[in-house]
Amino acid sequence: MKHLVFVGIILFSLVSCKIVHSTSFNTNNSGEISVYIDMKEFAEKMGKGVSKKTEEKLAFDSKKNENLDNLTMVEYIGQTIGISNVSTIVNKKKYTYGLNLKFDNPVSLNEAMNKIQHYVATGKDSSAVLKTFEYYHFSDKKLTLKEPLKKKSDSQEGDESNEKLEKMTEMISMQWEVSFAERKIKKVNSTLEVIQNGKKQVTLKIDGNEMSKRDSETIATIDLK
C-alpha cells in the first residue's frame, strides 16, 4: 500500500510485514483507532536486531519534523480538534509499532489520518499539502471504508528506484479490523478477504500486490442493523 494511515513512505523499506488499522466505534461514532505495523514475520526472517532499527525509524514521540515546527508526530496529531490520547505503540515481544488515538467523530478521525500522511510527506518534501481524503464515512446505517488509489508519477526520473519501491510494497499486506460497541453488522460488501468475528466485528485483508491493482477507492461498505 502506498498511502498508509500511519507511516507511508517510511515503511516501504520493510518486507514481509502487515499494516493494520484497528478501529472501534461507539454508538455516537466516536471511538479509538490503532494503526501499526506487524513485523513478526519480518523479524523472524531477519533476526531480532531489526527491532531496534525499527524503533528508531518509528519513534513517533521523539523524532521531530523540522518542516513542521520541529513537532513529533504525536504532537502534530495531538493538535487535531476532536483527537485525544495520542500515543505510540511499541510491543517488542510481538514486533508491533505504530500509533493509537481516540476520536470524537469520523471528521476528526479523517483529519488525523490525513495529518499522519502529511507529516510523513513533509519529512521528504516541505511543500507537501495537507489533503482532505475521507477514509471513514458514515451514512445512515452504513460505514464506508476508503483508501486512496496509487497515483502514477509523470516523471521519468528515478524509474529504477520506483520499480524497486513497487516490488517492496507488494510484499506488505494490509488489514482493517472494525468493531462496534453496540451496533450489529448486517452485511459486508468488499472485494477483499472478509472474516466476520461475531456480530459486531469484521476483519478485511488484502495482499500488497492486490492493493496496487485496485480501480476503486472503496475498501468495503458495512451495513449495520
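Attention in this report is confined to the structure presented alongside it.

1. A short note on the sheet that holds strand β8 (residues 142–146)
- Read across the sheet, 4 strands follow the order β7-β8-β13-β10 without closing on themselves; strand pairing throughout is antiparallel. A strand with exactly one partner marks an edge of an open sheet, and here the two such strands are β7 (136–139) and β10 (185–189). Sheet twist, expressed as the average angle between the axes of neighbouring strands with direction ignored, equals 20°.
- With 4 bridges joining them, β7 and β8 adopt antiparallel strand pairing. When the bridges of β8 are listed, His-137 appears paired with Thr-144.

2. A look at the pattern of salt bridges
- Tallying each qualifying case throughout the model produces 3 salt bridges.
- When the shortest N-O distance is used, the salt bridge between Lys-213 and Glu-210 registers 3.5 Å.
- Look at Lys-213 and you get exposed, because its relative accessible area is 58%.

3. What about the environment of Ser-108?
- In this structure, Ser-108 sits in helix α4 (residues 106–124).
- The exposure class of Ser-108 is buried, given its relative accessible area of 2%.
- Sequence-distant contacts of Ser-108, that is, excluding residues within four places in its chain, are made with Thr-80, Ile-81, Gly-82, Ile-83 and Phe-103.
- Of note is the side chain of Ser-108, whose polar atom sits 3.4 Å from the backbone oxygen of Gly-82.

4. A closer look at the sheet that holds strand β5 (residues 83–91)
- Pairing is mixed across the open sheet formed by 7 strands, whose spatial order is β5-β6-β2-β1-β9-β12-β11. Looking at the sheet topology across the chains shown, the edges are occupied by β5 and β11 (193–196). Taken over all neighbouring pairs, the strand axes of this sheet differ in orientation by 15° on average, direction set aside.
- Seen against the sheet, α4 touches β1 (18–25), β2 (31–38), β5 and β6 (96–103) and runs at an angle of roughly 145° to β6.

5. Topic: the pairing of β7
- What you see with β7 is a clean split: Tyr-136 and Phe-138 sit on the buried side and His-137 and Ser-139 on the side with no burial.
- In this antiparallel pair of consecutive strands, β7 and β8, the connection spans 2 residues, and Asp-140 shows a positive phi of 55°.

6. Quick word on the pairing of β5
- Direction of pairing for β5 relative to β6: antiparallel, over a ladder of 7 bridges. From the neighbouring strand, Ser-84 faces β6, where its bridge partner is Lys-102.
- Where β5 folds back on β6, the antiparallel hairpin that results is connected by 4 residues, among which Tyr-95 adopts a positive phi of roughly 60°.

What counts and how
- Residues numbered from 1 in each chain as written.
- Predicted model: local features only at pLDDT ≥ 70, side-chain atom pairs only at ≥ 80, totals over all residues.
- Heavy atoms only, no water.
- Pairing = 2+ DSSP bridges.
- Helix = DSSP H or I, 4+ residues; strand = E, 2+ residues; numbered from the N terminus.
- Axes fitted to C-alpha atoms, helices over the stretch in contact; angles between N-to-C directions.
- Salt bridge = Lys/Arg side-chain N within 4 Å of Asp/Glu carboxyl O.
- Buried < 20%, exposed > 50% of the residue type's maximum accessible area, 1.4 Å probe, protein only.
- Contact = heavy atoms within 4.5 Å.
- Polar contact = N/O pair within 3.5 Å; in protein donor to acceptor, adjacent residues only side chain to side chain.

Fair warning: the whole summary comes from geometry, so function is off the table for now.
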